[in-house]
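Chain by chain, the residues run as shown.
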Number of protein chains: 2
Amino acid sequence: MAARNNFMLDESRVPKAWYNINADMPVAREPVLHPGTMKPVTPDFLSVMFPMSILQQEMSAERWVEIPEPVREAYRLWRPTPLIRAVRLEKALDTPAHIYFKYEGVSPVGSHKPNTAVAQVFFNKEAGSKALVTETGAGQWGSAMAMACAFYDMPCEIFMVKCSFDQKPYRRMIIENYGATVYSSPTVRTYAGRAERERNPDSDGVLGLAISEAMETVATSGGLKKYAPGSCLNYVLMHQTVIGIEALEQMEMAGEYPDMVIGCAGGGSSFGGIAYPFVHRNLTQGKKTRIIAVEPASCPSMTKGRYAFDYADLACSGPIVKMHTLGHSFIPPGIHAGGMRYHGMAPSVSALVHNGDIEARAVGELETFAAAVQFARTQGIIPAPESAHAIRVAIDEALECKRRGEKKVIVFNLTGHGHFDMEAYDDYHNGRIHETELSDTDLQAALAQLPLVPSE
Amino acid sequence: MAARNNFMLDESRVPKAWYNINADMPVAREPVLHPGTMKPVTPDFLSVMFPMSILQQEMSAERWVEIPEPVREAYRLWRPTPLIRAVRLEKALDTPAHIYFKYEGVSPVGSHKPNTAVAQVFFNKEAGSKALVTETGAGQWGSAMAMACAFYDMPCEIFMVKCSFDQKPYRRMIIENYGATVYSSPTVRTYAGRAERERNPDSDGVLGLAISEAMETVATSGGLKKYAPGSCLNYVLMHQTVIGIEALEQMEMAGEYPDMVIGCAGGGSSFGGIAYPFVHRNLTQGKKTRIIAVEPASCPSMTKGRYAFDYADLACSGPIVKMHTLGHSFIPPGIHAGGMRYHGMAPSVSALVHNGDIEARAVGELETFAAAVQFARTQGIIPAPESAHAIRVAIDEALECKRRGEKKVIVFNLTGHGHFDMEAYDDYHNGRIHETELSDTDLQAALAQLPLVPSE
């Protein structure tokens, strides 16, 4: 019989608990600051946005948080996801390395995002929230939320950045097909939106403004509506750890343990999802897996940003957190990996990078697409441009193994398929992608907003 | 522990042999006729288009045809595919029926088409073919062929109908991303293409002409290039039987046997793929599963066409086969399920419908989209419009079970996801889809071309 390359778990193996990195953080946790007072927030401030059950998860230091059975039932619609050994890619690279990837693109919306969407909608439904409000850039998060809200019969409003709304109609159509309501942001529905439209009648919108519109909608709903974020918060990363927990079990089936775990990191949620269960083993069981977070060279929060307190949103109305940041008003170049154009990074990922538990690496856009095309032509799957950042580093490391004659075991996270991103590939093949690495001048200008907290 | 709903097979369970319905056909096989002489073709005529190994498969009467290990290796990139019990849909319908679906949308291109594409490219590679040529309408077949050719390092040329080339650029981009060459048909590369462009400089193209361009390219290549069809031929349906063979094993895991197996039928390949292993049990083991082929009311070859000898292509240059047909120059209305706009039906499916072994049913476009939306909002997966035809009938049968209080077991084939078809859903939600059932006048006009063979 042929060697096994596709490690499938039975549906009974959908994890029963999420892993909470807070239990094992090697450094003290930094407080979340109020944007007005610059002092640590009270639960009151956050409870406008989130139900108490979710705030408790956010603050929890329990290592394992039980996944409610109705959430596991929803997970079973597409989980456990496959872990596949990329034998054809290995052959094409002629490397002694073993390359495995965890494939989250099998979810109904084609990405990892539903892992937290179904959980957030479930907890909100249980808590009596009457509607959920969120924002979406390219639309991956919006489509996951729309699907999850359809599952729980929960009204859903989504502020979609106008340029995506106009240019990426397929994602808007998916959201509407699940029954959610999409607004092209800036809207006339909110103070923030109207102000922007007055200032700039031709505004294309930005994610930061869409966040402000979503938060304002929640804050003025008299407690009926709640907010659902797609990344960055501790509990969002925790929901995503089903990825890494399954991958650990699947690597056991494969009879190998990874020397490297690689994930792309935009806000950090898919990265934390695959990486934290392996970080856990590093921190508590003496394992020495290299954990590598990959970001675009054009938005290099971890590799060139500052580890400092900064606003999570552009409008400066949300909480202030300590993280790797390029400055809250930093607007990255228009790269195709829309999910990686965030000025900051999840606080827990940032703290671990700062403490040396996680490596960070930045890669260029052209070399990333080259890796994506090589992957598609060998393994079949066309990766989302975000996911391709992890593939680039996996290939680089496999080629390094070849140079050194080392048989390392590499695992990377393939967070989604690229069926909605074919224009990006078309641009790549037709020479319309130009490297957009950040200039030092731009970087220094962006970082000049920091520090917010003078003592830093 | 919760009841099992997702039946996953280990990669070792990828079938080792295809099932060949020819071994069990309850009626004598009709000959294939030469378009010039109207007499049965010689192997010479067909060997211009296909390598001998494939012609042998086409003519074979062996019941089980071994799948070469390299093809199984490629299958294992996405197979076995899941069989899932649609518990949420059952609940929404409040039906005592058990509804299962086999999900082919997990393949890298999102449909069942690679099941035969990788096999055809493998056999052509083995036979020394220097390039493969085919046509594609909406692009599902073209993208599967492009991927398979990338796997085997086989040059690939695809004639894509101009209106799709212009209006569905994502599929064209996928094909190019795998390294294949796409032409917008009609081209100036072939006699057939030039003739059409002279006749009609603004021609949008049609599938029949794209087929003619592909066949002419092969016929004038001096034996270097071969042709690869996406449906209708016996061996293509045979390659697709991996779907039904896996489903049989998965239904055993579920501890049930289907009372009904339902599939959409355009050319008939995915339908034959899911249905024939169950037809085999009906014919040889006394099982009595109802086998239902679903077609669109606007292109009703099985329910309103004639069982007669007809040309397989519009240009009348290809072979003549006995099948259910609306007449070879029939142009169906522009429904969104592009894969179901063929004037004929696979000869083996036609013979079994004619003989009463398979039921045929036609459904309207609006009721089909209603079923697709209900499925997406309960099970998450957005179906391809083609697949939604099977969902419509599965839901209708489940509601019939509710009326009668019967617990039937229903299995349907979900041939692909609809991520490339979101405009169709947008049209549906915005009232831009209008029922396009065929008028009797149009139907009679189309059928007036028949019979070709006076004795019929």
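All values derive from a computational prediction rather than experimental measurement.

Some thoughts on the packing of helix H12 (residues 242-254) of chain A against helix H13 (residues 269-285) of chain A
Residue and element names in this part refer to chain A.
- For the pair H12 and H13, interaxial distance at closest approach is 7 Å and the crossing angle is 55 degrees. Here H12 is positioned oblique relative to H13, judged by the angle of their axes. Judged by the sense of rotation from one axis to the other, the crossing of H12 with H13 is right-handed. Contacts between H12 and H13 involve Ile-243, Gly-244, Ile-245, Ala-247, Leu-248 and Glu-252 from the first element and Ser-270, Gly-273, Ile-274, Pro-277, Phe-278 and Arg-281 from the second.

Concerning the pattern of salt bridges
- Summed over all chains, the structure comprises 56 salt bridges over all chains.
- Salt-bridge contacts for B:Arg85 lead to B:Glu90; the nearest nitrogen and oxygen are separated by 2.7 Å.
- Of the charged contacts in the structure, one is a salt bridge between B:Glu400 and B:Arg403, with a shortest N-O distance of 2.9 Å. With B:Glu400 and B:Arg403 both in helix H17 (residues 385-404) and three residues apart, the pair spans about one turn of that helix.
- Given the relative accessible area of 26%, B:Glu400 is considered partly exposed.
- One continuous salt-bridge network, built from bridges that share partners, spans A:Arg172, A:Glu176, B:Asp426, B:Asp427 and B:Arg432.

Section: the confidence of the model for chain A
- Averaged over every residue, the pLDDT of chain A is 94; the share at 70 or more is 99%.
- Reported confidences for the modelled complex are a pTM of 0.96 and an ipTM of 0.95.

So, the relation of the copies chain B and chain A
- In screw terms, the move from chain B to chain A is a rotation of 180 degrees and a rise of 0.0 Å along the axis, fitting with an RMSD of 0.0 Å. Interpreted geometrically, this transformation is the action of a two-fold axis. Distance from the rotation axis, computed per C-alpha, reaches its smallest value in chain B at B:Val106: 3.1 Å.
- In this assembly, 100% of the residues forming the interface of chain B have copies in chain A that are likewise at the interface, indicating an isologous arrangement.

Side note on empty space enclosed by the protein
- Inspection of the entire model under this criterion finds nine cavities of 30 Å³ or more.
- As a volume, the largest cavity reaches approximately 450 Å³.
- What lines the largest cavity is a set of 34 residues, and nearest its centre among them are A:Pro82, A:Tyr103, A:Val106, B:Pro82 and B:Val106.
- Across the lining of the largest cavity, the residue classes tally to 20 nonpolar, 14 polar and no charged.
- Considering only enclosed or pocket space, the second largest cavity measures out at about 100 Å³ in volume.
- The wall of the second largest cavity is formed by A:Asn5, A:Asn6, A:Ile84, A:Arg85, A:Val87, A:Arg88, A:Gln379, B:Glu11, B:Glu73, B:Arg76 and B:Leu77.
- Put simply, the parts of the chain that give the lining of the second largest cavity at least two residues each are strand E4 (83-85) and helix H4 (87-93) of chain A.

Some points on the interface of chain B and chain A
- Across the contact, 50 residues belong to chain B and 50 residues belong to chain A.
- A buried area of about 4,500 Å², summed over both sides, lies between chain B and chain A, and 52% of it is on carbon and sulfur atoms.
- On inspection of chain B and its partner chain A, the count reaches eight salt bridges.
- As a salt-bridge pair, A:Arg4 and B:Glu11 come within 3.6 Å of each other at their nearest N and O atoms.
- At the junction of chain B and chain A, the tally comes to 24 residue pairs in polar contact (both at pLDDT 80 or more).
- Contributing elements (two or more residues each) for the side of chain B that touches chain A: helix H3 (69-75), helix H6 (140-151), helix H8 (169-177), helix H16 (365-379) and helix H18 (422-429) of chain B.
- The biggest single contributor to the side of chain B that touches chain A is H8(B), with six residues.
- Its residues placed into classes, the side of chain B that touches chain A shows 24 nonpolar, 12 polar and 14 charged.

Quick word on helix H2 (residues 52-59) of chain B
Residue and element names in this part refer to chain B.
- For H2, the set of buried residues is Ile-54, Leu-55, Gln-57 and Glu-58. Each buried residue of H2 lies within a common arc of 155 degrees when the element is viewed along its axis, so the set occupies one face.
- Its buried side turned inward, H2 meets strand E2 (17-19), helix H1 (43-47), helix H5 (114-127) and helix H11 (234-240).

Description of the pairing of strand E15 (residues 409-414) of chain B
All names here are of chain B.
- Most of E15 is tucked away, with six of its six residues classed as buried.
- Residues of E15 alternate between two faces, with Val-409, Val-411 and Asn-413 on one and Ile-410, Phe-412 and Leu-414 on the opposite face, all of them buried.
- As paired strands, strand E5 (residues 98-103) and E15 are joined by six bridges and run parallel to one another. Looking across to E15, one finds that Tyr-103 is bridged to Leu-414.
- Summarising the sheet, strand E10 (residues 260-264) and E15 pair through three bridges and their orientation is parallel. Residue Ile-262 lies in a different strand from E15, and its bridge partner there is Phe-412.

Thoughts on the packing of helix H9 (residues 191-199) of chain A against helix H10 (residues 207-219) of chain A
Residue and element names in this part refer to chain A.
- Direction vectors running N to C along H9 and H10 enclose 140 degrees, while the axes themselves pass 8 Å from each other. Residues Tyr-191, Ala-192, Gly-193 and Glu-196 of H9 form the contact with H10, whose own contacting residues are Leu-209, Ser-212, Glu-213 and Glu-216.
- The class makeup of the residues in the contact of H9 with H10 is three nonpolar, two polar and three charged.

A short note on the sheet that holds strand E1 (residues 6-7) of chain B
Residue and element names in this part refer to chain B.
- Read from one edge to the other, the open sheet built from seven strands follows the order E1-E4-E5-E15-E10-E11-E14, with strand pairing classed as mixed. At either end of the open sheet lies a strand with only one pairing partner, and these are E1 and strand E14 (359-363).
- The pairing of E10 with strand E11 (residues 290-296) spans five bridges and is classified as parallel. Opposite Gly-263, over in E11, you have Ala-293 as the bridge partner.
- This element, helix H13 (residues 269-285), spans E5, E10, E11 and E15 of the sheet and lies at about 160 degrees to E11.

Digging into the environment of B:Lys16
All names here are of chain B.
- For Lys-16, the position within the fold is in the loop between E1 and E2.
- With relative accessibility at 53%, the residue Lys-16 sits in the exposed group.
- Discounting chain neighbours no more than four positions away, the residues touching Lys-16 are Val-65, Glu-66, Ile-67 and Arg-72.

Describing the environment of B:Ile320
Residues and elements named next belong to chain B.
- Structurally, Ile-320 is set in strand E13 (residues 320-325).
- Each C-alpha atom, one on Ile-320 and one on Asp-310, is 5.2 Å from the other, the two residues being 10 residues apart in sequence.
- Those residues within four positions of Ile-320 in sequence are excluded, and the remaining contacts are Pro-31, Val-32, Leu-33, His-34, Pro-35, Met-38, Phe-309, Asp-310, Tyr-311 and Leu-452.

Points about the sheet that holds strand E15 (residues 409-414) of chain A
Residue and element names in this part refer to chain A.
- Taken in spatial order, the seven strands make up an open sheet running E1-E4-E5-E15-E10-E11-E14, and their pairing is mixed. The open sheet is flanked by strand E1 (6-7) and strand E14 (359-363), the only strands paired with a single partner.
- Contacts between helix H16 (residues 365-379) and the sheet are confined to E4, strand E5 (98-103), E14 and E15, with E14 contributing the most and set at about 95 degrees to the helix.

Some thoughts on the domain arrangement of chain A
Residues and elements named next belong to chain A.
- Under the domain assignment used here, chain A contains domain 1 (42-53 + 60-67 + 112-227) and domain 2 (79-110 + 234-447).
- Here the C-alpha centre of domain 2 lies 24 Å away from the C-alpha centre of domain 1.
- Contacts between the two partners involve 28 residues from domain 1 and, on the opposite side, 27 residues from domain 2.
- Where domain 1 abuts domain 2, roughly 2,300 Å² becomes buried across the two surfaces, and 65% of that area is made up of carbon and sulfur atoms.
- For domain 1, the biggest contributors to the area lost against domain 2 are His-112, Asn-115 and Arg-171; these three give 25% of the whole.
- Between domain 1 and domain 2 we count zero salt bridges in total.
- Run the count over domain 1 and domain 2 and you get seven residue pairs in polar contact (both at pLDDT 80 or more).
- Listing elements by their share of the side of domain 1 that touches domain 2, those giving two or more residues are strand E3 (64-66), helix H5 (114-126), helix H6 (140-151), helix H8 (169-177) and H10.

What counts as what
Residues numbered from 1 in each chain as written. Chains lettered and ligands numbered in written order. Predicted model: local features only at pLDDT ≥ 70, side-chain atom pairs only at ≥ 80, totals over all residues. Heavy atoms only, no water. Axes fitted to C-alpha atoms, helices over the stretch in contact; angles between N-to-C directions. Helix = DSSP H or I, 4+ residues; strand = E, 2+ residues; numbered from the N terminus. Parallel < 35°, antiparallel > 145°, perpendicular 65-115°, else oblique. Left-handed = near helix turned anticlockwise from the far one by under 90°. Contact = heavy atoms within 4.5 Å. Salt bridge = Lys/Arg side-chain N within 4 Å of Asp/Glu carboxyl O. Buried < 20%, exposed > 50% of the residue type's maximum accessible area, 1.4 Å probe, protein only. pLDDT = per-residue confidence, 0-100. Least-squares fit on C-alpha atoms with pLDDT ≥ 70 in both. 1 Å grid on protein atoms, 1.4 Å probe; cavity = no way out; pocket = protein on both sides within 12 Å on 5 of 7 lines; lining within 4 Å. Points joined across faces, edges and corners; volume = space filled by probe spheres on them. Nonpolar A, V, L, I, M, F, W, Y, C, P; charged D, E, K, R; others polar. Buried area = accessible area lost by both parts, 1.4 Å probe. Polar contact = N/O pair within 3.5 Å; in protein donor to acceptor, adjacent residues only side chain to side chain. Arc of directions from axis to C-beta. Pairing = 2+ DSSP bridges. Domains from an automatic or database assignment.

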